[in-house]
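Reading the structure
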Amino acid sequence: DAMVIQNPRYQVTQFGKPVTLSCSQTLNHNVMYWYQQKSSQAPKLLFHYYDKDFNNEADTPDNFQSRRPNTSFCFLDIRSPGLGDAAMYLCATSRVQAENTDTQYFGPGTRLTVL
Amino acid sequence: KQEVTQIPAALSVPEGENLVLNCSFTDSAIYNLQWFRQDPGKGLTSLLLIQSSQREQTSGRLNASLDKSSGRSTLYIAASQPGDSATYLCAVKPGANNLFFGTGTRLTVIP
């Protein structure tokens, strides 16, 4: 029944060691999003894909990159994680970006710890 | 730039009480406003979506209102239950871009 799946649920990495987080969806939605949520803070959009078109938020650090090889999968790559990158990373999908009724469906998140 | 504020940051109520959560936003040019629920360590679940042309939406014990001109929304929860304990976030959709979230209200319903 799961619609937006994130793996792993918990990820521990070392300072500076590259890490990849995975998101997959069974909804066939054309838009996929990656959010970063630090403790007691609002989710913050990092980037999103509209089909294959990549849209980076202006204040997303260069350390964060993303890949979307097909409709179902999207990856978040953190090239050199710092202590400040420890957070919950949320993946979301939506069908169409601009409609009044558009809602986003979120995965359970990946909790990233940086040692 | 759009800013979303939620008050209070935390709220504890005894079971059975009715309660209101508040959300305010600075830019009224929005497509819609949504209320989400987040359980500890989990993702977000959409509760209600109010289109910019609508005034309110209801789902079960939940009722959300939107006053776009004043930049305010409320989420009313009737007859609260311990299972309602979670963080509630509101988010606005400014055009074809992303969602701007508030920091949430952490609700505890005491049995």
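Preceding this paragraph is the structure being described.
The paragraphs below set out a description of the structure included in this document. (Residues numbered from 1 in each chain as written. Chains lettered and ligands numbered in written order. Predicted model: local features only at pLDDT ≥ 70, side-chain atom pairs only at ≥ 80, totals over all residues. Heavy atoms only, no water.)

1. A closer look at the interface of chain A and chain B
- In this complex, chain A contributes 23 residues to the contact, which on the side of chain B involves 22 residues.
- Surface buried jointly by chain A and chain B totals about 1700 Å² across both partners, of which 51% is contributed by carbon and sulfur atoms.
- Between chain A and chain B we count zero salt bridges in total.
- Counting the contacts that link chain A with chain B gives four residue pairs in polar contact (both at pLDDT 80 or more).
- Going through the elements one at a time, strand E4 (31-37) and strand E9 (87-94) of chain A are the ones with two or more residues in the side of chain A that touches chain B. (Contact = heavy atoms within 4.5 Å. Buried area = accessible area lost by both parts, 1.4 Å probe. Salt bridge = Lys/Arg side-chain N within 4 Å of Asp/Glu carboxyl O. Polar contact = N/O pair within 3.5 Å; in protein donor to acceptor, adjacent residues only side chain to side chain. Helix = DSSP H or I, 4+ residues; strand = E, 2+ residues; numbered from the N terminus.)

2. Focus on the pairing of E4(A)
Residue and element names in this part refer to chain A.
- The element E4 is largely enclosed, with a buried count of seven among its seven residues.
- On E4, burial covers both faces: Val 31, Tyr 33, Tyr 35 and Gln 37 on one face and Met 32, Trp 34 and Gln 36 on the other are all buried.
- In this structure, E4 lies alongside strand E5 (residues 44-50), joined through six bridges in antiparallel fashion. Each residue of the ladder has a partner; that of Gln 36, found in E5, is Lys 44.
- Turn length for the E4-E5 hairpin, with the two strands adjacent in sequence and antiparallel, is six residues, and the turn residue Ser 40 shows positive phi of about 60°.
- Pairing analysis gives seven bridges linking E4 to E9, with the strands arranged antiparallel. By the bridge assignment, Val 31 is partnered in E9 with Ser 94. (Buried < 20%, exposed > 50% of the residue type's maximum accessible area, 1.4 Å probe, protein only. Pairing = 2+ DSSP bridges.)

3. Considering the state of the cysteines
- Tallying each qualifying case throughout the model produces two disulfides over all chains.
- With a sulfur-sulfur separation of 2.0 Å, A:Cys23 is cross-linked through a disulfide to A:Cys91. Across the disulfide from A:Cys23 to A:Cys91, rotation about the S-S bond amounts to roughly -70°, and the bridge is consequently left-handed. A residue pair is termed long-range when its members are at least 10 positions apart, and A:Cys23 in strand E3 (residues 19-25) and A:Cys91 in strand E9 qualify at 68 residues. As far as the burial class goes, A:Cys23 and A:Cys91 line up, both buried.
- Put simply, B:Cys23 and B:Cys90 are joined by a disulfide, and their sulfur atoms are 1.9 Å apart. In this structure the cystine formed by B:Cys23 and B:Cys90 twists about its S-S bond by roughly 70°; its chirality is therefore right-handed. Remark: B:Cys90 occurs in strand E9 (residues 86-93) and B:Cys23 occurs in strand E3 (residues 19-25); sequence separation between them is 67 residues.
- The exposure class of B:Cys23 is buried, given its relative accessible area of 3%.
- Residue B:Cys90 is classed as buried on the basis of its relative accessible area of 0%. (Disulfide = S-S within 2.5 Å.)

4. So, the pattern of salt bridges
- Across all of its chains, the model carries four salt bridges over all chains by this definition.
- Ionic pairing is found between A:Arg67 and A:Asp77, a salt bridge with its closest N-O pair at 2.7 Å. Taken together, the residues span a long stretch of sequence, with A:Arg67 in strand E7 (residues 64-67) and A:Asp77 in strand E8 (residues 73-78) at a distance of ten residues.
- Since its relative accessible area comes to 13%, A:Asp77 is described here as buried.
- For B:Asp39, the salt bridge goes to B:Arg37, with nearest N and O atoms at 3.0 Å.

5. Considerations on the sheet that holds E3(A)
Residues and elements named next belong to chain A.
- Strands sit in the order E1-E3-E8-E7 across an open sheet of four strands; the sheet is antiparallel. Since the sheet does not close on itself, it has two edges, and those belong to strand E1 (4-7) and E7, each with one partner. Shown here is a sheet whose adjacent strand axes are inclined to one another by a mean of 20°, direction ignored. (Axes fitted to C-alpha atoms, helices over the stretch in contact; angles between N-to-C directions.)

6. As for the environment of B:Tyr88
All names here are of chain B.
- For Tyr 88, the location among the structural elements is in strand E9.
- In the structure, Tyr 88 is positioned 17 residues away from Thr 105 in sequence and 5.3 Å away in space, judged by C-alpha atoms.
- Sequence-distant contacts of Tyr 88, defined by excluding residues within four places in its chain, comprise Gln 6, Leu 21, Phe 36, Arg 37, Leu 47, Leu 75, Ile 77, Gly 104, Thr 105 and Leu 107.

7. Describing the nonpolar core
- Among the nonpolar cores identified, the biggest contains 22 residues, and B:Phe25, B:Leu33, B:Trp35, B:Leu75, B:Ile77, B:Tyr88 and B:Leu107 are the most heavily contacted of them.
- Secondary structure elements with two or more residues in this core: E3, strand E4 (32-38), strand E5 (44-51), strand E7 (62-67), strand E8 (72-77), E9 and strand E11 (105-110) of chain B.
- Every residue in contact with B:Leu33, bar those within four places of it in the chain, is listed here: B:Cys23, B:Phe25, B:Leu48, B:Leu49, B:Ile50, B:Leu66, B:Ser73, B:Ala91 and B:Val92.
- Judged by nonpolar contacts, the second largest core, of 18 residues, contains A:Val4, A:Leu46, A:Phe47 and A:Tyr49. (Core = buried A, V, L, I, M, F, W, Y, C linked by side-chain atoms within 4.5 Å.)

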